Amino acid sequence: MQSEIIIKSLTIILAAFLGAGLVGGSLPLFGNLKEKGLHSLLALGTGMLLGTIFLHMLPDAMSDHGYPILVLLGLMTVFIVEKLVFGQSQSGTHSLIGLTAFFGLSIHAFIAGFSFTFLLFGTNIPRTLLVSLIIHKLSETFALSSVFLLAGYSKRKAIKLIIIFSLFTPIAMILGVMLVKTVVADYVEAAAAIATGTFLYVALADLLPEVFHHKKGRWWNLAALLFGIGFIAAIIGTGSHAH
């Protein structure tokens, strides 16, 4: 009986996460945005990423059960790959930002999905927490799609990557259900810490400088950035009150 409830709950949650990812990723792709509008859109997405990092991911990684050193490892790994391995080609900077964001966020999405599985085998999941996580998935793909547009990806390519990205969390949740009784939780937390470092580098070293690359519209971009941070803060606040 318990397993049937878990399967039904998992099916509904999987559909919700996948739908949120596809909707969030599609929003920036429709409509012709000029460079100014694109940077404002990117500012909003970057604010959401920063809010996620500093209000959710870093506190977990810096807790008593976290792995702060692995955050640094993740950050330095992306730095070495971007600056030393690919650093010679400046013409592909925007495209590289797109790939870096995709891989960093994909790791985070996979870990988040796997970790969420442990809740299914615990106490009842608060509805507000579940809603906040789904909205977070929507904002995450919204931000990633904005980065793809900045990188000059075609809509077809961006849609393919968004679909792939949206599948990471559901797939991780399915694997989590299969392996949750055998996988040590410390491994999940360690991988999450590495993902946090990659996430942090992408936001601070790549996206923020790009948002304020031009003098025009800087104040508007700042407002969009702060709104994105506030939006995530409100979501995380709602989720924390649900515990």
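Presented here is an overview of the structure given in this document. It should be emphasised that the depicted structure is a prediction, and the values quoted were computed from it without experimental measurement.

Basis of the calculations
- Residues numbered from 1 in each chain as written.
- Predicted model: local features only at pLDDT ≥ 70, side-chain atom pairs only at ≥ 80, totals over all residues.
- Heavy atoms only, no water.
- Helix = DSSP H or I, 4+ residues; strand = E, 2+ residues; numbered from the N terminus.
- Contact = heavy atoms within 4.5 Å.
- Areas by Shrake-Rupley, 256 points an atom, 1.4 Å probe, with all protein chains shown as cover.
- Core = buried A, V, L, I, M, F, W, Y, C linked by side-chain atoms within 4.5 Å.
- Buried < 20%, exposed > 50% of the residue type's maximum accessible area, 1.4 Å probe, protein only.
- Phe/Tyr/Trp six-rings, centres within 6.5 Å; stacked < 30°, edge-to-face > 60°.
- Polar contact = N/O pair within 3.5 Å; in protein donor to acceptor, adjacent residues only side chain to side chain.
- Patch = residues over 30% accessible without salt bridge, like charges linked within 9 Å, V, L, I, M, F, W, Y side chains within 5 Å.
- Salt bridge = Lys/Arg side-chain N within 4 Å of Asp/Glu carboxyl O.

1. Regarding the overall build of the chain
Argument step 1. Of regular secondary structure, the chain possesses eight helices and zero strands.
Argument step 2. When its helices and strands are written in sequence order, the chain yields α-α-α-α-α-α-α-α.
Argument step 3. Partitioning the contacts of the chain with sequence separation of at least 6, the portion at a separation of at least 24 is 88%.
Argument step 4. Total accessible area on the chain stands at roughly 12,800 Å², and carbon and sulfur atoms take up 71% of it.

2. So, the nonpolar core
One broad trend across soluble globular proteins is that nonpolar side chains are buried collectively.
Argument step 1. Core analysis: the largest hydrophobic core is formed by 43 residues, its most contacted members being Leu144, Phe148 and Leu207.
Argument step 2. Among the elements of the structure, α2 (35-61), α3 (68-85), α4 (93-120), α5 (127-150), α6 (155-179), α7 (185-211) and α8 (218-241) are those that each provide at least two residues to this core.
Argument step 3. With eleven residues, α2 is the single largest residue contributor to this core.
Argument step 4. Not counting residues within four places of it along the chain, the set of residues in contact with Leu207 comprises Leu42, Thr46, Leu49, Ile97, Val147 and Val202.
Argument step 5. Judged by nonpolar contacts, the second largest core, of seven residues, contains Leu10, Leu14, Ile134 and Met173.

3. Examining the packing of aromatic side chains
Argument step 1. By the definition in use, this model includes three aromatic pairs.
Argument step 2. With 6.3 Å between their ring centres and 40° between their planes, Phe102 and Phe148 make a pair best called tilted. One end of the pair, Phe102, is in helix α4; the other, Phe148, is in helix α5, with 46 residues separating them in the sequence.
Argument step 3. With centroids separated by 5.3 Å and ring planes inclined at 25°, the aromatic side chains of Phe148 and Tyr153 adopt a geometry described as stacked. Exposure class is identical for Phe148 and Tyr153. Each is buried.

4. Some words on the side chain of Ser166
Argument step 1. Structurally, Ser166 can be placed in helix α6.
Argument step 2. At a separation of 2.7 Å, a polar atom in the side chain of Ser166 contacts the main-chain carbonyl oxygen of Ile162.
Argument step 3. Setting aside chain neighbours within four positions, we find Ser166 in contact with Leu18, Gly21, Leu22 and Thr141.

5. Structural notes on the environment of Phe103
Argument step 1. Residue position: Phe103 is located in helix α4.
Argument step 2. Sequence spacing of Phe103 and Ala195 is 92 residues, and the spatial spacing of their C-alpha atoms is 9.3 Å.

6. Observations concerning a nonpolar patch on the surface
Argument step 1. Judged by side-chain polarity, Leu22, Ile159, Ile163, Leu167, Ile171, Ile174, Leu175, Met178 and Leu179 come together as a nonpolar surface patch covering roughly 730 Å² of accessible area.
Argument step 2. If you tally residues by element for the nonpolar patch, the top one is α6, at eight residues.
Argument step 3. Note on Leu175: relative accessible area 32%, which makes it partly exposed.

Just distances and angles here, no functional claims.
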